[in-house]
Amino acid sequence: MGYVPPAPSTKIFSDATVDSSVDFVAALDIGTSSCRIIVFNSKGEACGSAQAEFEQLFPNPGGGWHEHHPMEIYEQTMRCVEALAAEAPSLFAQDRLRGVGITNMRETTVVWNAKTGVPYYNAIVWDDVRTADIVKKMEGSDGIDRFRDVTGLPLSTYFSSTKMRWLIEHVPELQRDLKDKDGEGQNVRFGTIDTWIIYLLTGGASNEAAAYVTDITDASRTLLMNLSTRSWDERLIDAFFGDLVDFPTATALPKINSSSEVIAPCLSGAMKGVPIAGILGDQQAALFGQAAVSAGEAKCTYGTGAFLMMNTGTKCVPSTHGLLT
């Protein structure tokens, strides 16, 4: 028997206020091994949650490959939403659920066709190391810090751009479509998990106006965003993909939004009509959640990995000891 995604587990916090005196906001958290929804009231109390795991794929374990089914991530996320709505419908009452925010594992990379809504390949997970040879090639004579002054990051298998290059090199249908720059190339969409989930929440292939966005925290982990301009950098894009394809940045990379703004309403399910109003990569979200809102404050949180992060205020502070900016 094949893998069967587990049903969500729900939890209702009975001591939280859920009467008509409060409104609610929801958070979708898509991590490495599971997804969840938590609904909070306007007093900041957690009122209810649902969580479900999704399948971990290791098609070449000796080579350090790690993948996810993109559609399963979305389906399990929506199963969590519907399970909690069935258990606690008052949390989803019309006009009381004011918004939903999304936090996600960051560098994990998906590529799909906007006309069909179908991914070209599985999501390549942040800890996948298949791109080690690409990293070595990209280093050249400059080493791993070749792009650090622009991106704040070293060259590494960790970040999205090398995963994108691997996909272009190894998925024939994707490379073919990208080379058809005035045809199917216009339908290619790359994104991290936030971008993928928001695209589907806002209608996906059935809605020409489906949102295709990311936020600055997720974009900053691709090795393609210029930290100074906070926009996609064509010099980086050409360095990573220029020898393979004429990369269509305007259509194949999402718009970079701020982390807190109304994007678009959800179009189906228990959250239909609820505005998507925030995106934060998981570790930046944890920093904010731990109230490290002033320069010099830091957090260390533990999940699939351990992550230490410091708020440096409104200026980039380049590390002299190999830390990321």
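In short, a report on the structure. (Residues numbered from 1 in each chain as written. Predicted model: local features only at pLDDT ≥ 70, side-chain atom pairs only at ≥ 80, totals over all residues. Heavy atoms only, no water.)

Looking now at the nonpolar core. Core analysis: the biggest nonpolar cluster contains 88 residues, and Ile-37, Phe-92, Leu-174, Phe-190, Leu-201, Phe-247 and Met-271 have the highest contact counts within it. Look past the residues within four positions of Phe-247 in its chain and what remains in contact with it is Met-164, Ile-168, Phe-190, Ile-237, Phe-241, Ala-252 and Leu-253. (Core = buried A, V, L, I, M, F, W, Y, C linked by side-chain atoms within 4.5 Å. Buried < 20%, exposed > 50% of the residue type's maximum accessible area, 1.4 Å probe, protein only. Contact = heavy atoms within 4.5 Å.)

At a minimum axis distance of 5 Å, the contact between helix H4 (residues 160-170) and helix H5 (residues 172-179) shows a crossing angle of 95 degrees. Considering the angle they form, H4 stands roughly perpendicular to H5. Contacts between H4 and H5 pair Leu-167, Ile-168, Glu-169 and His-170 from the former with Pro-172, Leu-174, Gln-175 and Leu-178 from the latter. (Axes fitted to C-alpha atoms, helices over the stretch in contact; angles between N-to-C directions. Helix = DSSP H or I, 4+ residues; strand = E, 2+ residues; numbered from the N terminus. Parallel < 35°, antiparallel > 145°, perpendicular 65-115°, else oblique.)

For the rest of this paragraph, the subject is the side chain of Asp-215. Relative to the assigned elements, Asp-215 resides in strand S10 (residues 213-215). Buried within the structure, Asp-215 lacks any salt-bridge partner; its nearest side chain of opposite charge belongs to Arg-106, at an N-O separation of 9.0 Å. Here the side chain of Asp-215 touches Thr-217 through a polar contact of 2.7 Å, side chain to side chain. In this structure the side chain of Asp-215 is engaged in a polar contact, spanning 3.1 Å, whose partner is the backbone nitrogen of Asp-218. Those residues within four positions of Asp-215 in sequence are excluded, and the remaining contacts are Asp-194, Ile-256, Asn-257, Ser-258, Ser-259, Ile-279, Leu-280 and Gly-281. (Lys, Arg positive; Asp, Glu negative; His and termini not counted. Salt bridge = Lys/Arg side-chain N within 4 Å of Asp/Glu carboxyl O. Polar contact = N/O pair within 3.5 Å; in protein donor to acceptor, adjacent residues only side chain to side chain.)

With respect to topology, seven strands assemble into an open sheet ordered S1-S4-S3-S2-S6-S15-S14, the strand pairing being mixed. Where the open sheet ends on each side, the last strands, each with one partner, are strand S1 (9-12) and strand S14 (264-265). Bridge count for S1 against strand S4 (residues 46-53) is four bridges, and the pairing is antiparallel. What sits directly across from Ser-9, in S4, is Gln-51. The sheet strands contacting helix H6 (residues 193-201) are strand S2 (24-30), strand S6 (97-104), S14 and strand S15 (275-281), and the helix crosses S6 at an angle near 145 degrees. (Pairing = 2+ DSSP bridges.)

Shape is all these values report; function is a separate question.
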